[in-house]
Amino acid sequence: SLSAYDMQISDVTYGKAKRYVTQERLDQMLKTEYDTLEASIREEKGKETRFFAFATTLAAKAYMSNRECEGWVGMTFQHEAGAAPSSVQLHVRMCDETAQLQGEAIGRLGTNLIYLCNKAKDPVVITSFLQDAIEEGRLEVDFVQFDGPGFPEETVDYRLLAMKMVEFKVAP
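Note that this is a predicted model, so its numbers are computed, not measured.

Examined against the element boundaries, Gln 78 turns out to sit in the loop between β2 (70-77) and β3 (86-94). At 3.0 Å, the side chain of Gln 78 forms a polar contact with the side chain of Arg 42. Beyond its immediate sequence surroundings of up to four residues, Gln 78 is in contact with Tyr 34, Glu 38, Arg 42, Thr 49, Arg 50, Phe 51 and Ala 83.

This is the structure:
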């Protein structure tokens, strides 16, 4: 777990970025975290151990600010032991009135994402249940992307995913 509130610390850890709450920054964070796991403990854990990295880059509610509360949430993981990494990335809008409540909602979303990527292989199932135990109206997921060998191209129908996201009230 790493918190990079300071842009200089973030740049040292993940590399330079023009903007911090972007999909590009999420990609940098996930790659750094996942590669660090592989480099530091793969030999000790062996090839039968599956690894994952989870990251967020968020612009949460700030005191006396009306900025948009949004961000990127993602996970890079091995869908099976020895597999190349796959990833799921989401863009979210946070609708709660305080940073604390937004953090709680993002925490639940992250827990759901980690669980679903570990237990489900179908992008429709993963997308449909992202907001389990999150009250309606707290988060909106307006973008989802599935990549890697865990999600062969023919299994990802973004039109169907968009429909299911609206049906399950994941998206507005």
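What follows continues from the structure just given.
So, about the sheet that holds β3. Spatially, the four strands line up as an open sheet ordered β1-β2-β3-β4, and their pairing is antiparallel. Each edge of the open sheet is held by one strand with a lone partner, namely β1 (52-59) and β4 (139-147). On average, each strand axis in the sheet is inclined to that of its neighbour by 15°, with strand direction left out of account. As paired strands, β2 and β3 are joined by eight bridges and run antiparallel to one another. Looking at β3, one finds that Gly 71 is bridged to Val 92. This element, helix α2 (residues 23-45), spans β1, β2, β3 and β4 of the sheet and lies at about 150° to β1.

So, on to the pattern of salt bridges. Any two side chains of opposite charge can pair, so long as their charged atoms come close to each other. Taken as a whole and judged by the stated rule, the model has 11 salt bridges. Between Glu 135 and Arg 138 there is a salt bridge; the shortest N-O distance is 2.9 Å. The exposure class assigned to Arg 138 is buried, which follows from its relative accessible area of 10%. The salt bridge involving Lys 164 is made with Glu 167; its shortest N-O contact spans 3.2 Å. Of the two residues, Lys 164 and Glu 167 both sit in helix α5 (residues 158-167), three residues apart, roughly one turn of that helix.

Between helix α1 (residues 7-14) and α2, whose axes approach to 10 Å, the crossing angle comes to 55°. Judged on the interaxial angle alone, α2 and α1 are oblique. Residue-level contacts link Ser 10, Asp 11, Thr 13 and Tyr 14 of α1 to Arg 25, Gln 28, Met 29, Thr 32 and Glu 33 of α2.

The next thing to look at is unusual backbone geometry. With a phi angle near 65°, Ala 133 is a residue other than glycine that sits in the positive phi range. Looking at the secondary structure, you find Ala 133 in the loop between α4 (123-128) and β4. In this model, Lys 169 sits at a positive phi of 60°, which is unusual for a non-glycine residue.

Cut-offs applied
Residues numbered from 1 in each chain as written. Predicted model: local features only at pLDDT ≥ 70, side-chain atom pairs only at ≥ 80, totals over all residues. Heavy atoms only, no water. Helix = DSSP H or I, 4+ residues; strand = E, 2+ residues; numbered from the N terminus. Polar contact = N/O pair within 3.5 Å; in protein donor to acceptor, adjacent residues only side chain to side chain. Contact = heavy atoms within 4.5 Å. Pairing = 2+ DSSP bridges. Axes fitted to C-alpha atoms, helices over the stretch in contact; angles between N-to-C directions. Salt bridge = Lys/Arg side-chain N within 4 Å of Asp/Glu carboxyl O. Buried < 20%, exposed > 50% of the residue type's maximum accessible area, 1.4 Å probe, protein only. Parallel < 35°, antiparallel > 145°, perpendicular 65-115°, else oblique.

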